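# Analysis of the macromolecular model
So you can see what is in the structure, the chains are spelled out below.
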Amino acid sequence: MSDVVLDVRNLRVEFPTRKGVLVAVDDISLQIRRGEILGVVGESGAGKSMTGMSILGLLEPPGRIAAGSIHLSGDRIDDLDDRAMQAVRGRRIGAIFQDPLTSLNPLFRVGDQLVETIRLHTDLDKRQARDRAKDLMREVGIPAVEERIDSYPHQFSGGMRQRIVIALALCAEPELIVADEPTTALDVSIQAQITALLKRLCRERGTAVMLVTHDMGVIAETADRVAVMYAGRLVEIGKVEDVVRRPQHPYTIGLMGSIPSLRKDVEELQMIPGAMPRLNAIPPGCAFNPRCTQAGPRCRAEVPRIPGGHSTGAACWLAQTGTVEKGEAA
Amino acid sequence: MTLRPDAILEVDALERRFDVSAPWLNRLIERKPRRTLRAVDGVDFIIRRGQTLALVGESGCGKSTIAKLVTGLHAPSGGNIRFHGDRDRLQMIFQDPFASLNPRWRVARIIAEPLRTLRPETPEAEVSARVDELLRTVGLAPADGLKFPHEFSGGQRQRISIARALAGEPEFLVCDEPTSALDVSVQAQVLNLMKRLQKEMELTYLFISHDLSVVRHMADVIAVMYLGRIVEIQPTADLFANPLHPYTRLLLETIPDLEAPKRDRAPMGGEVPSPVSPPPGCSFHPRCPLAFERCKQERPERRSHVHNRRVACFAAEEGGPDVR
Ligand SMILES: Nc1ncnc2c1ncn2[C@@H]1O[C@H](COP(=O)(O)OP(=O)(O)OP(=O)(O)O)[C@@H](O)[C@H]1O
Ligand SMILES: Nc1ncnc2c1ncn2[C@@H]1O[C@H](COP(=O)(O)OP(=O)(O)OP(=O)(O)O)[C@@H](O)[C@H]1O
Ligand code: SF4
Ligand code: SF4
Ligand SMILES: [Mg+2]
Ligand SMILES: [Mg+2]
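Residues numbered from 1 in each chain as written. Chains lettered and ligands numbered in written order. Predicted model: local features only at pLDDT ≥ 70, side-chain atom pairs only at ≥ 80, totals over all residues. Heavy atoms only, no water.

## Section: the overall build of chain A
Counting secondary structure elements, chain A contains twelve helices and eleven strands. Here the C-alpha radius of gyration of chain A, 21 Å, is about what a compact globule of 330 residues would show, namely 20 Å. Across its three principal directions, the C-alpha atoms of chain A cover 70 × 50 × 45 Å. Counting every position in chain A, which comprises 330 residues, the buried fraction comes to 54%. The long-range share in chain A, meaning contacts at least 24 apart out of those at least 6 apart in sequence, stands at 64%. Accessible surface for chain A amounts to roughly 14700 Å². Of this, 49% is attributable to carbon and sulfur atoms. Of the side-chain charges in chain A, 41 are positive and 42 negative, and the distance between the mean point of each set is 1 Å. (Helix = DSSP H or I, 4+ residues; strand = E, 2+ residues; numbered from the N terminus. Rg over C-alpha atoms; globule rule 2.2 N^0.38 Å. Buried < 20%, exposed > 50% of the residue type's maximum accessible area, 1.4 Å probe, protein only. Contact = heavy atoms within 4.5 Å. Areas by Shrake-Rupley, 256 points an atom, 1.4 Å probe, with all protein chains shown as cover. Lys, Arg positive; Asp, Glu negative; His and termini not counted. Charge placed at Lys NZ, Arg CZ, Asp CG, Glu CD.)

And the structure:
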C-alpha cells in the first residue's frame, strides 16, 4: 500500500450568496505522506482554514465542497454522511485549533474528557482508559499528571491547555492531524514546546500532519514540505528548504522579502504593493496579476496551475514557461 | 537619574500594582487574604527624542501596562514618569485596529477627532483638507474618508489608526503591538510607513512587540522584560550580538529562525510563573540554567555592566559561572 495518508484532489469550496457564488478554495490538490508535516501558509483569507475544515468535514453551511475529492489512506471521505464523518474525525483525523477552549468543555475535568474520548474510540474499560489518559498527558509533557488529571480546563495555562487538546487529538491514534494555527496565541517558549511535540509524534507514530500557520519561521523549523495559498488557490508547493530559500512564485518571493530579518539590516522592508483581492473581485487569469511586477498578457487571461504531479512547483506562467506572453511555449 | 537634555521620556522606579483579591464576601467566607499583582515592578528607562525604544517579553510581563502608564490611562502605584514634551501631543496606536476605531463613524470623522480636540477652533474646510492629506500620507485615498472601518482590511485599518494618531500632531507615539494582528506582507507596509514618518516628523516611539525580528528592525534600544521588570536593556545591535541576561539568550535561542532553521532544537522547559506569587530572589531562577544559591534569595538589581548596557543578573554581573 502506498504511504499517502491524505490525498486532496482539485478541491473547490464555494459559498453561495445572494450576489453570486464565492469560491473560497479553488482547485487545490495536495498530498501528505506518513510521518510528514505539510505546512500551509498564506495571508488572512487565503483559504487555509477552509481547506482544513473541508478535510475535517466541518465546513459550515452554506459553505460546501463543490468539486474534487478527499481520500484518507485510500478511502474517500468527502462524500460521507455526518455520522460516518464524525467517526472518521474522532478516530482517524485529529483536530487542533488556535483556541484550545473550542476543543475543551469548560464544565468537565480534563481527565474525564480524555477518558470519554478514549472510550468512544477504543474498547478499553474505564480504568484502562484512565491509565491511557495519564500516559497521553505525560507524552504531551504535562507535569504532575496525578494531580492535574482532575483539574478543569481553566485551571491550566494557555500552553498547557493546548497540550491537553493535542492529547485529546491523539486519543484514537489518528493517521492525520489537522492543526490550524495551534501556536499562534502562545508565547515563543511554549510555541517551541508544542511544535517539538508535533514533530516527535510525526516521527515516532508516523502521523501525517497538516500545519496551518502564517509564521514562516515555524514552518522552516517544523514542516517537511510547504504549500503557499493566495486568494483561494495554491500558488506554490514544494520542499520547505526550496520554497524558503529559492521561492519561484513572485508572491512567495515577495512574502519572504517582507519578513524582517534576525541578521541582516535593511532600511526598508520589501513590500508587495496593494492587498489580496476579496473573493468577489478575483481578477481573471492569475489572481496575483494586479500586484505582480512581472505580469504580462497571458497572466491576465489564463489561470496558471501547479504543474502535474502536485508535489512541487509554482502556479506562475513566468516560472513555468519563462514568458508572460500569450500562446508562446504553452 | 540624571536628566539628559535629549531625553523626551524618563521613567523612574515605576510600579503598578493591581488588586486581584477575591470579592470581599468570598474573602471573608473562605478566609482568603488580599492579593496584589505587581504588573510593573520597579522599571526605569529613558527615551531620547527621535529614537525608538522597544519593550519585548512574553505575554503578561507588563508591556501594555507600561504603555498605559505612559499614556496616562493608568496611574502609577509608585515611581514616576517625566515627559519632557507636550502631553497633548502624545498619542497611542493599539494592537487591534478594529476595536479601537468607532464602527459607527466614517473614517474622516475618526481621523479628525484628535485634531478637533487639539484645536477646536479649526475651520471645517481646514479640518477636511488635513484629513485628506493624512489619508494620503498613510497610503489611502481621500475618498476612503467617506467609508466605515468595516469596509477596510486589517492593514488598512491600522493605517487609519496611524492617520488618526498623526492628526493629533504627535511628537511621541506609544505603539502597543501595532502589527501583531497583521499578515507579514501587510506588516511590512505598516512598519515601512512608521519608519518613514519617524524620519520625516522626528517622532519618538515607545514600541511594544513580542516579535524580536520586528523589534530588531524598528528599535534603537531594546528593553527585555520578565515578570514586571526590565531584566536587560541594550542598544539593538549589541543586544543581538551579545545578550547578557540568561532570559534574553533563551528568547533569542527560541525564536524560530527562517534564515538558519534549527530543525532539531530542544525547547527550553518551564513556563512563566504567576505574577501574583513570583518566585523569591531572581524571579527567573526556576527556569535559569545558570542559577546558583544566591539567586534563590536575593533579587538582582539592574546595574550598569558597561555604559548603556544594564542587566539584572548575578551571573552576568559577577562574570559568574559560564558567562561569555
Ligand atoms: N460564511 C462565509 N461566507 C462567505 N465567505 C466566507 C465565509 N466564511 C469564510 N469565508 C471566506 O472564505 C475565505 C477563506 O477563509 P479562511 O478562513 O479559509 O482563510 P484563512 O486562510 O484561514 O485566513 P486566516 O489566516 O485569517 O485564518 C475568506 O475570504 C473568507 O472571507
Ligand atoms: N486591570 C488589571 N487588573 C488586574 N490585573 C491586570 C490588569 N491589567 C493587567 N493585569 C495583569 O498585569 C500583568 C501584565 O499585563 P500586561 O497586559 O501589561 O502584559 P503584556 O506584557 O502586555 O502581555 P501581552 O503580551 O499578553 O499583551 C498580567 O499578569 C495581567 O494579567
Ligand atoms: S502568472 Fe504572471 S502575474 Fe501571476 S505571478 Fe506569474 S508572472 Fe506574476
Ligand atoms: S540572577 Fe541567577 S537565576 Fe537570575 S538570571 Fe542571573 S543567574 Fe539566572
Ligand atoms: Mg484561518
Ligand atoms: Mg499587551
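## Concerning the site of ligand 3
Inspection of the region around ligand 3 gives 13 residues, with Cys 286, Cys 292, Cys 299, Cys 316 and Trp 317 of chain A positioned closest. Residues that form the shell around ligand 3 fall into these classes: eleven nonpolar, two polar and no charged. (Near = heavy atom within 4 Å. Nonpolar A, V, L, I, M, F, W, Y, C, P; charged D, E, K, R; others polar.)

## Things to note about the site of ligand 1
Residue and element names in this part refer to chain A. Taken together, 13 residues form the shell around ligand 1, and within it Ser 44, Gly 45, Lys 48, Ser 49 and Met 50 come nearest. Here Ser 44 contributes a side-chain N or O atom positioned 2.5 Å from an oxygen atom of ligand 1. Between ligand 1 and the protein, one listed contact pairs an oxygen atom with a backbone N or O atom of Gly 45 at 2.8 Å. In isolation ligand 1 exposes 650 Å². Once the protein is present, 65% of that is buried. A total of three residues in the shell around ligand 1 trace back to one element, the largest contributor, which is helix H1 (residues 48-56). Considered class by class, the residues forming the shell around ligand 1 number six nonpolar, four polar and three charged. (Polar contact = N/O pair within 3.5 Å; in protein donor to acceptor, adjacent residues only side chain to side chain.)

## Topic: the sheet that holds strand S4 (residues 64-72) of chain A
Whether parallel or antiparallel, the strands of a sheet pair through hydrogen bonds between backbone atoms. Residue and element names in this part refer to chain A. The strand order across the open sheet formed by four strands is S2-S1-S4-S5, and the pairing between neighbours is antiparallel. For this open sheet the edge positions go to strand S2 (20-33) and strand S5 (75-76), each flanked by a neighbour on one side alone. Here S4 pairs with S5 via two bridges, running antiparallel. Among the inter-strand pairings, His 71 is bridged to a residue of S5, identified as Arg 76. Packed onto the sheet, H1 meets strand S1 (4-17), S2 and S4 and runs at close to 110 degrees relative to S1. (Pairing = 2+ DSSP bridges. Axes fitted to C-alpha atoms, helices over the stretch in contact; angles between N-to-C directions.)

## Let's talk about the environment of Lys 264 of chain A
Take Lys 264 of chain A: it is sitting in the loop between helix H10 (250-257) and helix H11 (297-301). A residue is classified by how much of its surface remains accessible, and Lys 264 of chain A, at 56% relative accessible area, is exposed.

## Some details on unusual backbone geometry
Here the amide bond leading from Pro 61 of chain A into Pro 62 of chain A is cis, since omega sits at 10 degrees, within 30 degrees of zero. Mapping Pro 62 of chain A onto the fold places it in the loop between H1 and S4. Positive phi is not limited to glycine here, since Ala 13 of chain B has a value of about 45 degrees. The backbone of Glu 169 of chain B shows a phi angle near 45 degrees, a positive value even though the residue is not glycine. Here Glu 169 of chain B is to be found in the loop between helix H5 (154-167) and strand S6 (172-176).

## Remarks on the sheet that holds strand S7 (residues 176-180) of chain A
Residue and element names in this part refer to chain A. Judged by pairing direction, the sheet is mixed, and its seven strands sit side by side in the order S6-S7-S8-S3-S9-S10-S11 without closing on themselves. This sheet does not close on itself; its edge strands, each paired only once, are strand S6 (93-96) and strand S11 (313-314). Lying over the sheet, H10 contacts strand S9 (225-230) and strand S10 (233-239), oriented at roughly 105 degrees with respect to S9.

## Observations regarding the packing of helix H3 (residues 107-118) of chain B against helix H4 (residues 124-137) of chain B
Residue and element names in this part refer to chain B. Following both chains from N to C, one finds H3 and H4 inclined at 115 degrees, their axes separated by 9 Å at the closest point. Relative to H4, the element H3 lies roughly perpendicular. Both H3 and H4 take part in a crossing whose hand is right-handed. Residues Val 107, Ala 108, Ile 111, Ala 112, Leu 115 and Arg 116 of H3 form the contact with H4, whose participating residues are Glu 124, Val 127, Arg 130, Val 131, Leu 134 and Leu 135. When grouped by side-chain class, the residues that make up the contact of H3 with H4 number nine nonpolar, no polar and three charged. (Parallel < 35°, antiparallel > 145°, perpendicular 65-115°, else oblique. Left-handed = near helix turned anticlockwise from the far one by under 90°.)

## Observations regarding helix H6 (residues 158-170) of chain A
Residue pairs three or four apart in sequence face the same way in an α-helix, which turns once every 3.6 residues. Residue and element names in this part refer to chain A. Between its first and last C-alpha, H6 extends 19 Å over 13 residues, near the 18 Å set by a 1.5 Å rise per residue. Most of H6 is tucked away, with twelve of its 13 residues classed as buried. Taken residue by residue, H6 has Gly 159, Met 160, Arg 161, Gln 162, Arg 163, Ile 164, Val 165, Ile 166, Ala 167, Leu 168, Ala 169 and Leu 170 as its buried positions. Looking at the packing, one finds that the buried side of H6 touches S6, helix H3 (110-121), helix H4 (126-139), S7 and helix H7 (188-205). (Expected span 1.5 Å × (residues − 1).)

## Some details on the packing of H5 of chain B against helix H6 (residues 184-201) of chain B
All names here are of chain B. Packing of H5 against H6 brings their axes to within 10 Å, and their N-to-C directions diverge by 15 degrees. Taken together, the axes of H5 and H6 lie roughly parallel to each other. Crossing angle aside, the handedness with which H5 passes H6 is right-handed. Residue-level inspection shows Gly 155, Gln 158, Arg 159, Ile 162 and Leu 166 of H5 in contact with H6, the latter providing Val 186, Gln 189, Val 190, Leu 193, Met 194, Leu 197 and Met 201. Here the contact of H5 with H6 is composed, by residue class, of eight nonpolar, three polar and one charged.

## Some details on the nonpolar core
If you look at the biggest cluster of nonpolar residues, it comprises 99 residues, and the most contacted ones within it are Ile 55, Ile 93 and Leu 176 of chain A. Per-element accounting of this core gives the leading share, eight residues, to H6 of chain A. (Core = buried A, V, L, I, M, F, W, Y, C linked by side-chain atoms within 4.5 Å.)

## Digging into the pattern of salt bridges
Summed over all chains, the structure comprises 44 salt bridges over all chains. Glu 15 of chain B is paired through a salt bridge with Arg 17 of chain B; the nearest N and O atoms lie 2.5 Å apart. Judged by its relative accessible area of 33%, Arg 17 of chain B falls in the partly exposed class. Among the charged side chains, a salt-bridge network with shared partners connects Arg 12, Glu 14, Asp 26, Arg 64 and Arg 233 of chain A. (Salt bridge = Lys/Arg side-chain N within 4 Å of Asp/Glu carboxyl O.)

## Topic: the pairing of strand S3 (residues 52-56) of chain B
All names here are of chain B. Burial analysis of S3 places five of its five residues in the buried class, the great majority of the element. Side chains Thr 52, Ala 54 and Val 56 project from S3 onto one buried face, and the interleaved Leu 53 and Leu 55 project onto a second face that is buried too. One ladder, built from four bridges, connects S3 with strand S7 (residues 204-208); its direction is parallel. What sits directly across from Leu 53, in S7, is Leu 206. The pairing of S3 with strand S8 (residues 221-226) spans four bridges and is classified as parallel. Across the sheet, the residue bridging to Leu 53 is Val 221, located in S8.

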